[in-house]
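Chain and residue survey
Each chain, written out:
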Amino acid sequence: MTDNKLINLENISKSYGDNIVLDELNLYIRENEFLTLLGPSGCGKTTTLRIIGGFETPDQGRVIFEGKDITNLPPNERQLNTVFQKYALFNHMTISENIAFGLKIKKKSKEYIKDKIKYALKLVNLEGYENRMPDSLSGGQQQRIAIARAIVNEPKVLLLDEPLGALDLKLRQDMQYELIRLKNELGITFIYVTHDQEEALTMSDTIVVMNQGYIQQIGTPEDIYNEPKNAFVADFIGDSNIIASTMVEDRLVNILGTNFPCVDTGFGRNQPVDVVIRPEDIDLVKPEDGIIQGRVTSLIFKGVHYEMDVMANGHEWLVHSTDLFPVGSEVGLYVDPFDIQIMNKPTSEDEEAVEIEE
Amino acid sequence: MKVPLNVKNKMFQKPAKDSDKEFKIGRVNQVKLLSFPYIIWMVGFIIIPLLMILYYGLTDRDNNLTFKNIALISDPINRKALLLALELSLISTIICLLLAYPLAMVLRKNHKTSNSFIVLIIILPMWMNFLLRTIAWQNILEKTGIINSILQFFHLPTLNIINTSAAIILGMVYNFLPFMVLPIYNVLVKVDKDVINAARDLGANGRQTFLKIILPLSIPGVVSGITMVFVPSLTTFVISTILGGSKIVLIGNVIEQQFRLGNWNTGSGLSLVLMVFILFSMAILSKYDKESEGSNLW
Ligand SMILES: Nc1ncnc2c1ncn2[C@@H]1O[C@H](COP(=O)(O)OP(=O)(O)OP(=O)(O)O)[C@@H](O)[C@H]1O
Ligand SMILES: [Mg+2]
């Protein structure tokens, strides 16, 4: 990834009738970046991607590609390619005809096209499928053909709209690695859409968390996970305990009546805040060693850890631990000061959709 | 990068149902049972009449095997009637296709709600009796008919197309156009918007997208449209009788006359010839249909 801004979205707004889908969205994508748009269903991810791809024009704002305004350029004149969510293969053509489509339009020589088909099929691990028809392939294979069809055109940017959405867990994980490998091999920019937070955390250089047409936070996966900017991001990225609290003074927060040491400063005295504590950051200890005490109310085995609910100070705390504490046992809860994430409370609903400068 | 992730809960997967298989077997029997009325219908009203035509067509009045009935197609009058029928139905089919395809494209682009209205307008004439509609055209086109009355009122030259091939073609197009529009429209609306977007994305302009994606994907609809217009046009005798007068005789009229005169053997023999032509044209069409699904349209 370089610092060179490849695509710049400036003040993009888009509505369908009364439904405001995107509101003054600002975002840039750097060369060679793996950028993921992450958010719940209907938050405007696909719409953003379609505006970049040229299938929708924004009501307001500009799309800048390498310094040039391409807002009104039709898709066939843009130097980027799209992998559609439902593959969108040409069912009346063989696999090699599908892959060759873009190259034939560009009037490449027969030799060149032949080489490219071979190369692309090798890249997606589907050698020997040249003469098959798309509907004789499995979902995952069709998806890989869709990717092959896009990359033979050597786009500067590849747009991928939930490309793994239709696949089962195992295949999805395999394809995640394939995609990362592909991206490294090709050295191009990926703009990736998903509503699966795990997928976003594993694959991306940068994650853009969206909600209701607003960008909630932009950052690296670590930033987003460890330092969510607001309750929405914290809640959307993984399980977490989000508790309305009061900042007593610098480095001390009052959570449900008990003071917890923390590391944050600059919030002022007796300021209402939201506190985020990840379930794996709560240590269950002997009652006398904990900051607060509680009782285990439920226990589920999750494979690599146990998930427990602990009732303490009138709140159900979600705790992940590899140690087993049976239901009913008295435990102490200890949280390291570094693991307490303090966030400003939104004062209005609009502010929940904060715009963030990176 | 190391980020703790949730592990999906694998403990609660439902076991596959045992009853699935039994259910399937039960269904097959049920389906067979449901098709029973249709099978009776088919045997009684399609297979048996076809066999009877075959029998009459290949025998003479004394039930002796003969090819004379079929050979009658080479009679100058019959041959002329067949060729004219082929020509007129071919022209009507082409006109229908030229009218229907653009209309279906427009319908595809439009919003769904206004579509059902337009489709209704296309289908509406079909709710009226076929004979009535054709007679209405006769009244409109007649020498002293509606069009000519209006033209005369404005002192314009009158239109003399009644009892000509043109009138018959008009009747065929008017009556059979919906059968061309609907199948084409049906395949076109099923073309996924993102398939078209994908073609654009890969560099195709509007024309290329149409020629390489939309047109080949719509061939099955075009083929069934052609069949549904060409076959009834080729065999019609009602339209040619009403709009063609006594001067223009199509093969349908010849066959109808033979049956009317009691010459079942001749009528059946000529019908068999006509059937061969229809089967032949359908064979060509279905081959073309298969090809489009395969490849080689480049
Ligand atoms: N063509 C359209 N006409 C009207 N409304 C639309 C259209 N396309 C999208 N919308 C609306 O825009 C909003 C955002 O849609 P979008 O497809 O961008 O969501 P998304 O984030 O991709 O969601 P998902 O994860 O479900 O794919 C939705 O409320 C949707 O109903
Ligand atoms: Mg979407």
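Residues numbered from 1 in each chain as written. Chains lettered and ligands numbered in written order. Predicted model: local features only at pLDDT ≥ 70, side-chain atom pairs only at ≥ 80, totals over all residues. Heavy atoms only, no water.

1. Let's talk about the site of ligand 1
Residues and elements named next belong to chain A.
- Taken together, Tyr 16, Asn 19, Val 21, Ser 41, Gly 42, Cys 43, Gly 44, Lys 45, Thr 46, Thr 47, Glu 162 and His 195 make up the full set of residues near ligand 1.
- In the model, an oxygen atom of ligand 1 is placed 3.2 Å from a nitrogen or oxygen of the Cys 43 main chain.
- A distance of 2.5 Å separates an oxygen atom of ligand 1 from a polar atom in the side chain of Thr 46.
- Calculation on ligand 1 without its partners gives an accessible area of 640 Å², and the protein chains cover 61% of this total.
- Going through the elements one at a time, strand 2 (19-30) and helix 1 (45-53) are the ones with two or more residues in the shell around ligand 1.
- Partitioning the shell around ligand 1 into residue classes produces three nonpolar, seven polar and two charged. (Near = heavy atom within 4 Å. Polar contact = N/O pair within 3.5 Å; in protein donor to acceptor, adjacent residues only side chain to side chain. Areas by Shrake-Rupley, 256 points an atom, 1.4 Å probe, with all protein chains shown as cover. Helix = DSSP H or I, 4+ residues; strand = E, 2+ residues; numbered from the N terminus. Nonpolar A, V, L, I, M, F, W, Y, C, P; charged D, E, K, R; others polar.)

2. Examining the environment of Ser 224 of chain B
Residue and element names in this part refer to chain B.
- If you trace the backbone, Ser 224 turns up in helix 10 (residues 206-235).
- When its relative accessible area of 28% is taken as the criterion, Ser 224 is described as partly exposed.
- Spatially, the C-alpha atom of Ser 224 lies 21 Å from that of Phe 130, the residues being 94 residues apart in sequence. (Buried < 20%, exposed > 50% of the residue type's maximum accessible area, 1.4 Å probe, protein only.)

3. Some thoughts on empty space enclosed by the protein
All names here are of chain A.
- Here the structure, examined in full by the defined rule, presents three cavities of 30 Å³ or more.
- Forming the walls of the largest cavity are Thr 46, Leu 49, Arg 50, Phe 55, Thr 82, Phe 84, Leu 159 and Asp 161.
- In terms of residue class, the lining of the largest cavity is built from four nonpolar, two polar and two charged. (1 Å grid on protein atoms, 1.4 Å probe; cavity = no way out; pocket = protein on both sides within 12 Å on 5 of 7 lines; lining within 4 Å. Points joined across faces, edges and corners; volume = space filled by probe spheres on them.)

4. What to know about the nonpolar core
- By size, the foremost hydrophobic cluster in this structure holds 51 residues, and its most contacted members are Ile 184 and Ile 251 of chain B.
- When contributions to this core are tallied by element, the ones reaching two or more residues are helix 4 (76-109), helix 5 (112-123), helix 6 (130-141), helix 8 (165-190), helix 10, helix 11 (238-244), helix 12 (251-260) and helix 13 (264-294) of chain B.
- At 11 residues, the largest contribution of residues to this core is made by helix 8 of chain B.
- Contacts of Ile 251 of chain B, omitting those with residues within four sequence positions, involve Ile 73, Asn 78, Ala 81, Leu 82, Ala 85, Leu 234 and Leu 274 of chain B.
- With 34 residues, the next largest nonpolar core counts Leu 89, Ala 146, Met 175 and Phe 190 of chain A among its residues. (Core = buried A, V, L, I, M, F, W, Y, C linked by side-chain atoms within 4.5 Å. Contact = heavy atoms within 4.5 Å.)

5. Some remarks on the packing of helix 9 (residues 193-201) of chain B against helix 10 of chain B
All names here are of chain B.
- Their axes nearest at 10 Å, the elements helix 9 and helix 10 cross at an angle of 140 degrees. In the crossing of helix 9 with helix 10, the sense of the turn from one axis to the other is right-handed. Taking contact as the criterion, the partners of Val 195, Ile 196, Ala 199 and Arg 200 in helix 9 are, on helix 10, Gly 206, Thr 209, Ile 213, Ile 214 and Leu 217.
- Classifying every residue of the contact of helix 9 with helix 10 gives six nonpolar, two polar and one charged. (Axes fitted to C-alpha atoms, helices over the stretch in contact; angles between N-to-C directions. Left-handed = near helix turned anticlockwise from the far one by under 90°.)

6. Observations regarding the sheet that holds strand 16 (residues 292-301) of chain A
All names here are of chain A.
- Strands sit in the order 15-19-16-17-18 across an open sheet of five strands; the sheet is antiparallel. Two strands close off the open sheet at either side, each with one partner strand: strand 15 (282-285) and strand 18 (315-321). Sheet twist, expressed as the average angle between the axes of neighbouring strands with direction ignored, equals 45 degrees.
- One ladder, built from six bridges, connects strand 16 with strand 17 (residues 306-312); its direction is antiparallel. Residue pairing for strand 17: Ile 300 is matched across the bridge by Glu 307. (Pairing = 2+ DSSP bridges.)

7. Some details on the pattern of salt bridges
Residues and elements named next belong to chain A.
- If you walk through the whole model with that rule in mind, you get 18 salt bridges over all chains.
- A salt bridge links Asp 174 to Lys 170; the nearest nitrogen and oxygen atoms lie 3.2 Å apart. Here Lys 170 and Asp 174 lie together in helix 5 (residues 169-186), a separation of four residues that amounts to about one turn.
- Owing to a relative accessible area of 33%, Asp 174 belongs among the partly exposed residues under this scheme.
- For Lys 170, a relative accessible area of 54% corresponds to the exposed category. (Salt bridge = Lys/Arg side-chain N within 4 Å of Asp/Glu carboxyl O.)

8. Quick look at the domain arrangement of chain A
Residue and element names in this part refer to chain A.
- What the domain assignment lists for chain A is domain 1 (5-226) and domain 2 (241-351).
- Taken over C-alpha atoms, the centre of domain 1 sits 39 Å from the centre of domain 2.
- The interface is formed by four residues belonging to domain 1 together with four residues belonging to domain 2.
- Its largest share of buried area at the contact with domain 2, domain 1 owes to Tyr 214, Tyr 225 and Asn 226, together 96% of the area lost on that side.
- Counting every contact that joins domain 1 to domain 2 gives zero salt bridges.
- Of the residues forming the side of domain 1 that touches domain 2, the biggest block, three residues, is contributed by helix 7 (residues 221-226).
- Grouping the amino acids of the side of domain 1 that touches domain 2 by side-chain chemistry returns three nonpolar, one polar and no charged. (Domains from an automatic or database assignment. Buried area = accessible area lost by both parts, 1.4 Å probe.)

9. A short note on the environment of Glu 227 of chain A
Residue and element names in this part refer to chain A.
- One can find Glu 227 in the loop between helix 7 and helix 8 (231-236).
- Overall, Glu 227 belongs to the partly exposed group, its relative accessible area being 47%.
- Considering only alpha carbons, one finds Glu 227 and Cys 43, 184 residues apart in sequence, at a separation of 22 Å.
- Beyond its immediate chain neighbours, meaning those up to four positions away, Glu 227 contacts Gln 217, Glu 222 and Gln 341.

10. Concerning the side chain of Asn 211 of chain A
- Counting through the fold element by element, Asn 211 of chain A comes out in strand 9 (residues 206-211).
- In contact with Asn 211 of chain A, not counting residues within four places along its chain, are Pro 40, Cys 43, Gln 216 and Phe 232 of chain A.

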